[in-house]
Amino acid sequence: MTSVFPNVESLLGIYSFFAGCRYSDDLAGLSLFDGGTVSAYENYALIDPKKNCDTRLPLRDFVLAGLDFFAARGMPHIWPLFPGAGSLVGPLLEEHGAVRDAVFFDMFARSDAMRQFAHREDDFATVVVSDPGSARAWADAAWYGFDSGEPAPESFVRFTHAMIARPEFYLCALRNRDANTPHFAVTGMLGLVGGTAGIYYVATRPEYRRRGLALRVMKTLLDAADERGYNRVTLLATPSGRPLYEKCGFVTTGDVDIYRFGEA
């Protein structure tokens, strides 16, 4: 039976190869990923209601298995509840102390949606991230762009180094052409896994926001997916990011409730 979130689940499977990360899918329909970071948003528990229907285990047992996985590691984590899971899983999580933290949006667009988009020449250059030095700058900018402070923790830097070493991932950024500016202004990543293309880590440093720079990164990522033969691109949007993605041609297919244990 096809997963209701094939891109996210496949991406978690790829993460299992990365040093410092731990991944488990011992129960069909439950995927658990410990990214090794102190941020709950880098550690996930995902229940796929379609696959869960194929098992005889009660849903409560799936929740308890996920909680045990993270409790044994002392890790904060989130449960993104995709359509079909929220009304059943949410109350079970709240019984064990989860906080309903946010509502994200499952979105998709055609990869050629921004083909005609053009930007004026300015002081920013597009950089393809492919070496350890630029990977470190990308990690710092992405972490800071999501308002998590700077520098990024070493666990996330190792994570970034692992991604640039694998062909499934395409990382890019915008850098000010001024040679005295060592950091990136905007980041983005395309993941090509499980037969689908997903966009992740589109983040803008606060001092560079509201200049249209994120649109340029989105076009770069969509064009990269198109060039590689992927017609459909998916992403999970925050409420603040949703207007940007709608400008890029993305439409919402469903709401995703985010339940959190521990610090974000």
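Refer to the structure printed above.
Conventions used here
- Residues numbered from 1 in each chain as written.
- Predicted model: local features only at pLDDT ≥ 70, side-chain atom pairs only at ≥ 80, totals over all residues.
- Heavy atoms only, no water.
- Salt bridge = Lys/Arg side-chain N within 4 Å of Asp/Glu carboxyl O.
- Helix = DSSP H or I, 4+ residues; strand = E, 2+ residues; numbered from the N terminus.
- Buried < 20%, exposed > 50% of the residue type's maximum accessible area, 1.4 Å probe, protein only.
- Core = buried A, V, L, I, M, F, W, Y, C linked by side-chain atoms within 4.5 Å.
- Contact = heavy atoms within 4.5 Å.
- Expected span 1.5 Å × (residues − 1).
- Polar contact = N/O pair within 3.5 Å; in protein donor to acceptor, adjacent residues only side chain to side chain.
- Phe/Tyr/Trp six-rings, centres within 6.5 Å; stacked < 30°, edge-to-face > 60°.
- Lys NZ or Arg CZ within 6 Å of the ring centre and 35° of its normal.

## Focus: the pattern of salt bridges
Working step 1: Scanning all chains against the criterion turns up 15 salt bridges.
Working step 2: Across the pair Glu95 and Arg60 runs a salt bridge, and its minimum N-O distance is 3.2 Å. With Glu95 in helix H4 (residues 86-95) and Arg60 in helix H3 (residues 59-71), this residue pair connects regions lying 35 residues apart in the sequence.
Working step 3: Judged by its relative accessible area of 52%, Glu95 falls in the exposed class.
Working step 4: With a relative accessible area of 37%, Arg60 lands in the partly exposed category.
Working step 5: The partner of Asp122 in a salt bridge is Arg216, and the shortest N-O contact between them spans 2.7 Å. One end of the pair, Asp122, is in the loop between strand S5 (99-110) and strand S6 (124-128); the other, Arg216, is in helix H7 (residues 213-227), and 94 residues separate them in sequence.
Working step 6: Sharing partners across several salt bridges, the network here consists of Arg136, Asp140 and Glu154.

## A word on the nonpolar core
Working step 1: Residues Tyr15, Trp138, Phe156 and Met189 are the most contacted members of the largest nonpolar core, which totals 36 residues.
Working step 2: Those elements that provide at least two residues to this core are helix H1 (6-15), helix H5 (132-145), helix H6 (154-164), strand S7 (169-176), strand S8 (184-193), strand S9 (196-204) and strand S11 (251-261).
Working step 3: In terms of residue count, H5 provides more of this core than any other element does, seven residues in total.
Working step 4: Trp138 has contacts with Val129, Phe156, Thr160, Met163, Leu171, Cys172, Ala173, Phe184, Thr187, Gly188, Met189 and Tyr201, leaving out every residue within four places of it along the chain.
Working step 5: If you look at the next biggest cluster of nonpolar residues, it comprises 32 residues, including Tyr170, Leu174, Leu244 and Cys248.

## Remarks on unusual backbone geometry
Working step 1: Its identity as a non-glycine residue notwithstanding, Asp147 has a phi of 60°, on the positive side.
Working step 2: You can see Asp147 is positioned in the loop between H5 and H6.
Working step 3: Residue class for Asp147 comes out exposed when judged on its relative accessible area of 58%.
Working step 4: In the Ramachandran plot, Tyr201 falls in the positive-phi region, its phi being about 55° despite a non-glycine side chain.
Working step 5: Residue placement: Tyr201 occurs in strand S9.
Working step 6: For Tyr201, a relative accessible area of 12% corresponds to the buried category.

## Digging into H5
Working step 1: With 14 residues, H5 should cover 20 Å at 1.5 Å per step; its first-to-last C-alpha distance of 20 Å lies within 8% of that length.
Working step 2: Of all the 14 residues making up H5, 10 are buried; the element is thus mostly covered by neighbouring parts of the structure.
Working step 3: Within H5, burial applies to Ser134, Ala135, Ala137, Trp138, Ala139, Asp140, Ala141, Ala142, Trp143 and Gly145.
Working step 4: The elements touched by buried residues of H5 are H6, S7, S8 and S9.
Working step 5: At the N-terminal end of H5, a side-chain oxygen is found 3.0 Å from the backbone nitrogen of Gly133, two or three residues along, and the residue is Asp131.
Working step 6: Positive phi shows up at Asp147, right after H5, with a value of about 60°.

## So, the packing of aromatic side chains
Working step 1: Tallied over the full model, the rule gives 11 aromatic pairs.
Working step 2: For the ring pair Trp143 and Phe156, a centre distance of 5.0 Å and an interplane angle of 45° mean the geometry is tilted. With a gap of 13 residues between them, Trp143 in helix H5 and Phe156 in helix H6 connect regions that are remote in the sequence.
Working step 3: Since its relative accessible area comes to 9%, Trp143 is described here as buried.
Working step 4: For Phe156, a relative accessible area of 1% gives the class buried.
Working step 5: Here the aromatic cluster, defined as three or more aromatic residues joined through ring pairs, consists of Phe33, Tyr44, Trp138, Trp143, Phe156, Phe159 and Tyr201.
Working step 6: When the ring centre of Tyr170 is taken as origin, the NZ or CZ atom of Arg228, which lies over that ring, is 5.0 Å away.
Working step 7: When the ring centre of Phe105 is taken as reference, the NZ or CZ atom of Arg242 above it lies at 4.0 Å.

So far we have only geometry, and geometry alone does not tell us how the molecule works.
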